[in-house]
Amino acid sequence: MPSTTEAARAEPAGLSRLRRDLHVAWLAAFAVGLHLLEAALPPLLPGLKPGLANVVTVAALCLWGWRTAALITLLRVVVGAIFLGTLLAPGFWLSLGGALAALAALALGALLPGRGLGPVGFSVLAAVAHIAGQLGVAYVLFIQHAALLALVPILGLGAAVTGTINGLAAYTLVRDWAPPTDATHGLAAP
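Residues numbered from 1 in each chain as written. Predicted model: local features only at pLDDT ≥ 70, side-chain atom pairs only at ≥ 80, totals over all residues. Heavy atoms only, no water.

Peer 1: What's the story with the packing of aromatic side chains in this structure? I'm lost.
Peer 2: For any pair of aromatic rings, the description rests on two quantities: the centre-to-centre distance and the angle between the ring planes. In total, this model carries 1 aromatic pair according to the counting rule given. Taking 4.9 Å as the distance between ring centres and 70° as the angle between the ring planes, the aromatic pair formed by phenylalanine 92 and tryptophan 93 counts as edge-to-face. (Phe/Tyr/Trp six-rings, centres within 6.5 Å; stacked < 30°, edge-to-face > 60°.)

And the structure:
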């Protein structure tokens, strides 16, 4: 039987769920804010943005798992499109296609044995999959031309670079957010 001190410290299940939902809401709002900020920036290359919201997605994946990361990502895409006025416009479908491809890649990456990829690996994987998903949607819905494949090496390399930078930011966020656990891939606490 738990002592009175332990019972007082134990949090009711409903409150634990509320705290988790609050974290998800704040992270989704932060991801939407980064998405809106990024929409105002000029592209690094035509078709290539830095993917700042990927930092939030990867941190959520490492801290709370794939479902939380997927929820944050889908909220970011839909709410961001509503705020930008692009819901159901071509940019929305490109964003959604990239997000779904990135989430699929993250789901596969999370199945790797051991510690998995860590924040940098997950970020690079998501960034490259996002570009692949966007190019796939662009080909299927908008430009059915083989010349679209000429963009793959340039955009893939750009995605790997931005994914690495974002992964380092996600690493810092994960490291500073929580003490090391299996869910955070054993990152050392500061």
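Peer 1: How do you make sense of the pattern of salt bridges when you look at a structure like this?
Peer 2: A side chain of one charge can pair with a side chain of the opposite charge if their charged atoms are brought near each other. For the structure on display, the rule yields 1 salt bridge. The residue aspartate 176 makes a salt bridge to arginine 175 at a minimum N-O spacing of 3.2 Å. Taking relative accessible area as the criterion, aspartate 176 reaches 46% and is therefore assigned partly exposed. (Salt bridge = Lys/Arg side-chain N within 4 Å of Asp/Glu carboxyl O. Buried < 20%, exposed > 50% of the residue type's maximum accessible area, 1.4 Å probe, protein only.)

Peer 1: Please explain the packing of helix H5 (residues 90-110) against helix H6 (residues 118-142) as it appears in this structure.
Peer 2: Each pair of packed helices can be described by the angle between their axes along with the distance between the axes. Viewed as axis vectors pointing N to C, H5 and H6 meet at an angle of 140°, and their least axial separation amounts to 7 Å. Between H5 and H6, the angle falls in the class oblique. H5 and H6 meet at a crossing whose hand is right-handed. Here the contact of H5 with H6 is built from residues that sort into 17 nonpolar, 7 polar and no charged. (Axes fitted to C-alpha atoms, helices over the stretch in contact; angles between N-to-C directions. Helix = DSSP H or I, 4+ residues; strand = E, 2+ residues; numbered from the N terminus. Parallel < 35°, antiparallel > 145°, perpendicular 65-115°, else oblique. Left-handed = near helix turned anticlockwise from the far one by under 90°. Nonpolar A, V, L, I, M, F, W, Y, C, P; charged D, E, K, R; others polar.)

Peer 1: Help me understand the nonpolar core, please; the structure alone is not making it clear to me.
Peer 2: As a rule of thumb, nonpolar side chains are buried together in soluble globular proteins. Val56, Ile72 and Phe122 are the most contacted members of the largest nonpolar core, which has 22 residues in total. Put simply, the parts of the chain that give this core at least two residues each are helix H2 (13-40), helix H3 (53-64), helix H4 (66-84), H5, H6 and helix H7 (152-177). Looking at this core, the element that brings in the most residues is H3, giving 9 residues. Ile131, Leu135, Leu155 and Ala159 belong to the second-largest nonpolar core, a separate cluster that totals 8 residues. (Core = buried A, V, L, I, M, F, W, Y, C linked by side-chain atoms within 4.5 Å.)

Peer 1: Please clarify how the layout of surface pockets should be interpreted in this entry.
Peer 2: It is the rolling of a water-molecule-sized probe over the atoms that shows where space remains empty. In this structure, the largest pocket spans a volume of roughly 960 Å³. Lining the largest pocket we find 45 residues, and of these Glu38, Lys49, Ser95, His130 and Gln134 sit closest to its centre. Here the residues of the lining of the largest pocket are counted per class, giving 28 nonpolar, 14 polar and 3 charged. (1 Å grid on protein atoms, 1.4 Å probe; cavity = no way out; pocket = protein on both sides within 12 Å on 5 of 7 lines; lining within 4 Å. Points joined across faces, edges and corners; volume = space filled by probe spheres on them.)

Peer 1: Please explain a nonpolar patch on the surface as it appears in this structure.
Peer 2: The grouping of Val78, Ile82, Leu87, Leu88, Trp93, Tyr139, Val140, Leu141, Phe142 and Ile143 at the surface amounts to a nonpolar patch, some 930 Å² of accessible area in total. Every element with two or more residues in the nonpolar patch is listed here: H4 and H6. Examining the composition of the nonpolar patch, we find that 4 residues originate from one element, H6, more than from any other. Take isoleucine 82: it is sitting in helix H4. (Patch = residues over 30% accessible without salt bridge, like charges linked within 9 Å, V, L, I, M, F, W, Y side chains within 5 Å. Areas by Shrake-Rupley, 256 points an atom, 1.4 Å probe, with all protein chains shown as cover.)

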